[in-house]
Number of protein chains: 2
Amino acid sequence: MNLHQQALTEYLAAFITGLFQTGVRDVVISPGSRSTPLALLMVEHQEINTYIDIDERSAGFFALGLAKASKSPVVLLCTSGTAAANYFPAVVEANLSRVPLLVLTADRPHELRDVGAPQAINQLHLYGHHVKWFAEMALPENSAEQITYSKMVARRAVKECKSPVPGPVHVNFPLREPLLPALEPYPFSEEQADYEIIAGELALPQAALERIAREISQYQKGLIICGPMDQPSFSNAAIRLAEKLAFPILADPLSQLRLDNSVIIDSYDAILKTDRVLAEFQPDFILRFGAMPVSKPLSLFMKKYRGIPHFIVDGQAGWRDPYHLGTKVIQMDETAFCQQLTNYVKKNENNEWLSQWQQVDQLAKTAIKAHMSQEQELEEGKVFYELFPRLPKDSTIFVGNSMPIRDVDTFFHKNNQGITVMANRGANGIDGVVSTALGASVYQQPLFLLIGDLSFFHDMNGLLAAKLYELNMTIILVNNDGGGIFSYLPQAESKQHFEVLFGTPTGLDFQHAVEMYHGQYEKVTDWEHFSKAIKSAASYKGLNVIEIPTDRAKNLTSHRKMWEQVSREITTYLQGVEK
Amino acid sequence: MNLHQQALTEYLAAFITGLFQTGVRDVVISPGSRSTPLALLMVEHQEINTYIDIDERSAGFFALGLAKASKSPVVLLCTSGTAAANYFPAVVEANLSRVPLLVLTADRPHELRDVGAPQAINQLHLYGHHVKWFAEMALPENSAEQITYSKMVARRAVKECKSPVPGPVHVNFPLREPLLPALEPYPFSEEQADYEIIAGELALPQAALERIAREISQYQKGLIICGPMDQPSFSNAAIRLAEKLAFPILADPLSQLRLDNSVIIDSYDAILKTDRVLAEFQPDFILRFGAMPVSKPLSLFMKKYRGIPHFIVDGQAGWRDPYHLGTKVIQMDETAFCQQLTNYVKKNENNEWLSQWQQVDQLAKTAIKAHMSQEQELEEGKVFYELFPRLPKDSTIFVGNSMPIRDVDTFFHKNNQGITVMANRGANGIDGVVSTALGASVYQQPLFLLIGDLSFFHDMNGLLAAKLYELNMTIILVNNDGGGIFSYLPQAESKQHFEVLFGTPTGLDFQHAVEMYHGQYEKVTDWEHFSKAIKSAASYKGLNVIEIPTDRAKNLTSHRKMWEQVSREITTYLQGVEK
């Protein structure tokens with residue numbers, strides 16, 4: 001071992017030790033030359049899992065999925081050049097959805113930068129404002145100081161990934177040739193777990209909580225609105241609070257709160273399309289948790305009641321208020337807030353407000369059921385309606401953006417099945433969804449990905465990980481050959497250029513793609529077939545794609561008919577109440 | 001038409017008019033909602049070509065290919081969110097390879113930014129230091145001032161794309177709902193072509209040129225080294241200069257200078273692997289044009305003679321000197337420089353130096369030919385060796401990075417066939433190559449893409465454009481099932497983890513992918529088959545993929561054997577000369 005190799009090995013091994021000490025277990029590597037020493041050392045580390053993913057864009061989202069599901073920082077590693085630029089979409093999503101992702105990029109050393117050297121791009125602050133922290137490493141040295149420095153940057157990078165607000169971090173490594181580290185003797189020492197980051201949570205003093213509780217206790221028609229949330233004990237805490245206040249919880253499908261409890265309202269997206277509900281269900285208070293819910297009618301409803309007391313709780317001190325409705329911003333861990341507040345609020349003995357919501361919620365479900373029983377042909381809404389009762393207990397569903405998440409909002413009703421619902425709702429992109437779901441599938445089984453054809457197309461390369469790592473995932477591919485969501489938007493009215501710009505049919509037969517990745521493929525022809533396919537999916541190992549061909553125009557008509565039916569039922573009911 | 005719609009339409013139509021006036025003809029659009037008004041107006045414009053490409057990463061590279069081939073700025077348009085982040089790899093490449101690419105991103109208006117609104121990411125300076133210019137537009141208004149402003153930003157954006165140094169530009173449009181523009185009456189006026197940008201070129205006064213000519217005229221053993229160049233009259237001008245100086249031109253395959261002229265030396269990559277050549281062919285002067293040549297032996301050769309006068313000419317005032325060898329940086333248009341300098345330099349009557357290079361160049365070719373005649377099995381070098389003489393006249397080859405560009409360097413010899421050679425040599429990425437080639441194929445026919453399996457895999461989504469726009473391209477897919485170039489690097493010596501980290505076999509049968517995109521696919525089994533496939537490719541329309549399965553270990557052995565044979569021949573010759 002020469003001095004260069006020794007410095008390279010010890011400095012980078014120290015960095016990896018720092019990562020391991022602070023909890024990093026999963027590393028996703030995209031092959032390349034400049035990153036050779038880091039890649040070899042990562043693979044050599046006996047307690048770190050490595051995944052190789054050739055397309056860096058897919059790799060970025062695969063790492064995102066691992067991090068979302070494991071709730072731990074995941075490392076991404078690539079070589080210099082555009083490889084690193086391909087991580088950008090996943091970095092942007094990780095930043096907005098608060099997922100700890102640590103990007104390590106190998107770089108040319110200083111003398112090869114900005115001078116026309118091959119595969120040299122400006123990697124300093126490559127991801128701009130989209131990372132929580134950026135560090136440019138010094139060149140490898142193995143003095144005691146530099147070994148400590150290397151280890152400390154790793155530890156700090158993990159810390160910055162996790163708190164105060166989780167998100168992506170970027171560390172850039174200038175490395176000189178030769179790039180081979182020494183793998184013998186084993187480059188990692190025993191003292192790997194001697195470091196700990198003990199993260200605090202935002203908390204409020206008792207007096208502040210009491211003051212908030214006094215105010216909330218005055219309100220009679222409060223609503224608790226929960227957007228995407230991902231804290232194991234939050235659901236229970238929120239339900240206890242809602243029960244004591246007799247306030248309904250409008251629970252987004254990603255809130256993990258669509259549980260079989262009477263305070264949970266899950267059909268509000270359908271309900272709030274009815275004018276009379278909008279007018280008559282006037283809340284006097286809103287308490288909101290999590291990111292913004294997917295439902296547009298709910299947003300319109302909240303905007304209609306601009307000016308009422310509207311509290312937004314964010315345990316990571318973010319600013320999630322797109323319509324500028326908040327009247328109090330409360331910075332406290334959401335679970336702790338609910339638990340402690342429950343002790344201080346007055347029990348509300350009046351159930352009338354809650355019961356009104358429960359009534360219309362039930363009416364909406366009955367109307368949806370009636371509508372679905374008439375729907376014989378393959379149609380998107382019914383895919384979701386039929387799917388959920390058939391899912392195995394404790395399944396995870398990963399939901400694509402655009403139409404699938406909206407259909408899940410409409411058709412995924414509260415239950416006791418222990419279903420986890422995941423999605424990329426930071427930037428709501430249709431990109432990277434296949435890879436994120438595959439990353440999540442490493443930790444969450446069984447996993448079903450519900451996705452449209454354009455989003456599936458966008459990240460077909462992600463399927464390589466399923467083949468190489470023999471991952472288990474069932475994809476419910478809803479194929480309306482194009483951009484279904486645009487049919488619901490105003491541009492659909494103006495027929496001119498619509499199909500070419502928004503419909504964008506690709507005419508692809510995805511069976512070819514699935515076969516290329518050695519997956520099992522089935523195209524569903526009717527509902528009985530669908531039901532059988534879902535049933536056998538539960539026991540199938542590997543990649544399994546169930547495609548349901550649907551028609552964009554028919555989907556739109558069916559959805560509209562259903563919403564009209566819901567509105568009719570609710571309006572009739574409310575007229576009855578009035579009399 | 002209401003006031004909002006009128007302002008939206010007139011303001012954006014003015015912008016598009018500004019683009020059209022300054023030469024924009026091609027627009028690549030990725031579907032989305034926020035970008036609706038820009039997309040509809042672009043498609044509505046009767047003299048602008050629009051291409052819809054769903055995967056924004058592929059769209060970015062497709063636009064890059066259009067711009068490279070048309071030598072005009074091409075517009076990219078997408079909606080808000082991660083869509084824009086997917087353009088990043090193409091933006092990075094455009095910046096380093098000096099290609100005019102104008103990225104327009106639709107954005108949420110100010111009140112929806114950084115507040116948790118859907119599909120809202122921070123798009124200000126999204127591409128950081130990787131664009132030449134960034135502008136954030138004002139919200140649409142249709143006062144005379146704002147219409148002029150909108151048009152002027154468009155004109156300026158095009159100008160910044162083109163000069164002083166061509167490259168990518170980013171303009172961000174905050175847009176409020178409703179997003180539908182009025183398409184009637186036709187929103188564009190007749191005054192579309194009333195604006196012009198007359199770009200200057202860097203020039204030197206006569207005295208400076210005379211001084212340079214006097215110095216150069218002193219040298220006896222000068223070398224002209226031409227890296228990637230893309231100016232139509234440069235080749236001729238450089239050859240005239242070289243002839244007068246009796247200096248060889250070492251011509252990179254991307255210099256467009258591998259023409260059948262006696263001053264052109266094209267086998268230097270093989271020649272300079274021979275120790276005696278390195279030692280004995282000592283130049284006393286180097287004149288360099290273009291980006292860095294691909295050949296590593298050439299770089300080592302230049303580095304060996306650090307200290308000799310080494311002039312670098314760059315017409316766009318860049319800094320392309322990765323090994324810090326330059327002694328004069330000359331900022332002048334390369335073609336004009338060669339043309340004018342030829343008038344001032346003294347004619348060199350001594351042909352000895354040139355003739356030495358010609359001799360070894362010829363020897364290298366004879367040795368390569370001898371080697372190839374023995375090579376019976378499918379092997380990568382021979383794919384290229386056999387391909388070039390069979391290409392139709394005036395073909396374009398688009399060359400993938402990693403191994404293909406190196407094999408083109410070795411086997412694409414000077415000729416009179418009018419072959420254009422293109423590649424993405426800014427950051428040398430394996431990403432986006434399929435799409436860039438398809439973009440180029442719109443302007444360059446017939447076009448052959450020479451690509452390895454990993455690079456093909458990386459941008460398979462790019463093939464959708466071939467299907468949707470019925471583009472004509474033949475892909476020579478050299479499939480060694482993994483990362484072939486790593487076998488030539490030091491990591492191949494350390495067998496540990498090599499196959500998992502660097503070999504990275506995917507085991508994919510690409511026939512499935514080609515069929516999905518309705519292409520013609522053929523897997524070559526022997527050289528006769530290859531020859532026939534190339535022959536019929538010349539007349540085939542549409543997407544045509546000719547796959548050649550090769551073996552990484554065998555490729556390495558064959559290349560090494562060939563280089564040894566070249567070295568032996570040259571060494572023997574030089575020993576003879578010595579006696």
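Residues numbered from 1 in each chain as written. Chains lettered and ligands numbered in written order. Predicted model: local features only at pLDDT ≥ 70, side-chain atom pairs only at ≥ 80, totals over all residues. Heavy atoms only, no water.

A. Region of interest: the pattern of salt bridges. Under the counting rule described, the total for this entry stands at 38 salt bridges over all chains. In this structure, R240 of chain B and E243 of chain B form a salt bridge, with 3.0 Å as the shortest nitrogen-oxygen distance. Here R240 of chain B pairs with E243 of chain B, and both are found in helix α8 (residues 234–245), just 3 residues apart, close to one helical turn. The exposure class assigned to E243 of chain B is partly exposed, which follows from its relative accessible area of 31%. Ionic pairing is found between D269 of chain B and K273 of chain B, a salt bridge with its closest N-O pair at 3.1 Å. A residue is classified by how much of its surface remains accessible, and D269 of chain B, at 8% relative accessible area, is buried. Where salt bridges share partners, they join D107, R113 and E136 of chain A into one cluster. (Salt bridge = Lys/Arg side-chain N within 4 Å of Asp/Glu carboxyl O. Helix = DSSP H or I, 4+ residues; strand = E, 2+ residues; numbered from the N terminus. Buried < 20%, exposed > 50% of the residue type's maximum accessible area, 1.4 Å probe, protein only.)

B. Molecular detail of the domain arrangement of chain A. Residue and element names in this part refer to chain A. Examined at the domain level, chain A breaks down into domain 1 (3–178), domain 2 (206–348) and domain 3 (380–550). On the domain 3 side, the residues contacting the 21 residues of domain 1 number 26 residues. Here domain 1 and domain 3 share an interface that buries about 1,800 Å² over both sides, 62% of which is from carbon and sulfur atoms. Here domain 1 is connected to domain 3 by 0 salt bridges. Joining domain 1 to domain 3, the criterion identifies 12 residue pairs in polar contact (both at pLDDT 80 or more). Residue assignment for the side of domain 1 that touches domain 3 shows that the elements contributing at least two residues are β2 (49–52), α3 (56–70) and α5 (88–97). Of all the elements, α3 adds the most residues to the side of domain 1 that touches domain 3, at 10 residues. The residue inventory of the side of domain 1 that touches domain 3, partitioned by class, reads 10 nonpolar, 5 polar and 6 charged. (Domains from an automatic or database assignment. Contact = heavy atoms within 4.5 Å. Buried area = accessible area lost by both parts, 1.4 Å probe. Polar contact = N/O pair within 3.5 Å; in protein donor to acceptor, adjacent residues only side chain to side chain. Nonpolar A, V, L, I, M, F, W, Y, C, P; charged D, E, K, R; others polar.)

C. View of the interface of chain B and chain A. With 82 residues of chain B at the contact, the number on the chain A side is 82 residues. Contact between chain B and chain A buries roughly 6,900 Å² in total, counting both sides, with carbon and sulfur atoms accounting for 65%. Counting the contacts that link chain B with chain A gives 2 salt bridges. For R57 of chain B, the salt bridge is made with D55 of chain A, and the minimal N-O distance between the two is 2.7 Å. In this assembly, chain B and chain A are joined by 28 residue pairs in polar contact (both at pLDDT 80 or more). Looking at the side of chain B that touches chain A, the elements with two or more residues in it are α2 (36–44), α3 (56–70), α4 (82–86), α5 (88–97), α17 (453–458), α18 (463–468), α19 (498–503) and α20 (511–516) of chain B.

D. Seen up close, unusual backbone geometry. All names here are of chain A. Note that the residue after Q445, namely P446, is joined by a cis bond; omega there is -15 degrees. Mapped onto the elements, P446 comes out in the loop between α16 (433–441) and β15 (447–452). Its identity is not glycine, yet S402 carries a phi of approximately 75 degrees, on the positive side. Mapped onto the elements of the fold, S402 is located in the loop between β13 (396–399) and α15 (403–411). Taking the relative accessible area as the measure of exposure, S402 reaches 23% and is therefore partly exposed. Located in the positive-phi region is E470, a residue other than glycine, with phi close to 45 degrees.

E. Layout of the pairing of strand β18 (residues 543–549) of chain A. All names here are of chain A. A large share of β18 lies buried, amounting to 6 of its 7 residues. One ladder, built from 7 bridges, connects strand β16 (residues 473–479) with β18; its direction is parallel. The residue of β18 that forms the bridge with T474 is N544. Regarding the hand of the β-α-β motif, the stretch spanning strand β17 (residues 520–523), helix α21 (residues 527–537) and β18 is right-handed. (Pairing = 2+ DSSP bridges. Right-handed = clockwise from strand over helix to strand, strands pointing away.)

F. Spatial organisation of the packing of aromatic side chains. In the structure shown here, the tally under the stated rule is 49 aromatic pairs over all chains. Plain terms: the ring middles of Y51 of chain B and Y469 of chain B are 5.3 Å apart, the flat faces sit at 65 degrees to each other, and that makes the pair edge-to-face. Taken as a pair, Y51 of chain B in strand β2 (residues 49–52) and Y469 of chain B in the loop between α18 and β16 (473–479) lie far apart in primary sequence, 418 residues in all. The class for Y51 of chain B is buried, based on a relative accessible area of 10%. Aromatic pair Y219 of chain B and F285 of chain B: ring centres 4.8 Å apart, planes at 10 degrees, arrangement stacked. Of this pair, Y219 of chain B sits in the loop between α7 (206–218) and β7 (222–226) while F285 of chain B sits in strand β10 (residues 285–289); the two residues are 66 residues apart in sequence, bridging distant segments of the chain. Linked through ring pairs, F281, F301, Y305, W353 and W357 of chain A together constitute an aromatic cluster. Between R25 of chain B and the ring centre of F20 of chain B, over which it is positioned, the NZ or CZ distance is 3.7 Å. (Phe/Tyr/Trp six-rings, centres within 6.5 Å; stacked < 30°, edge-to-face > 60°. Lys NZ or Arg CZ within 6 Å of the ring centre and 35° of its normal.)

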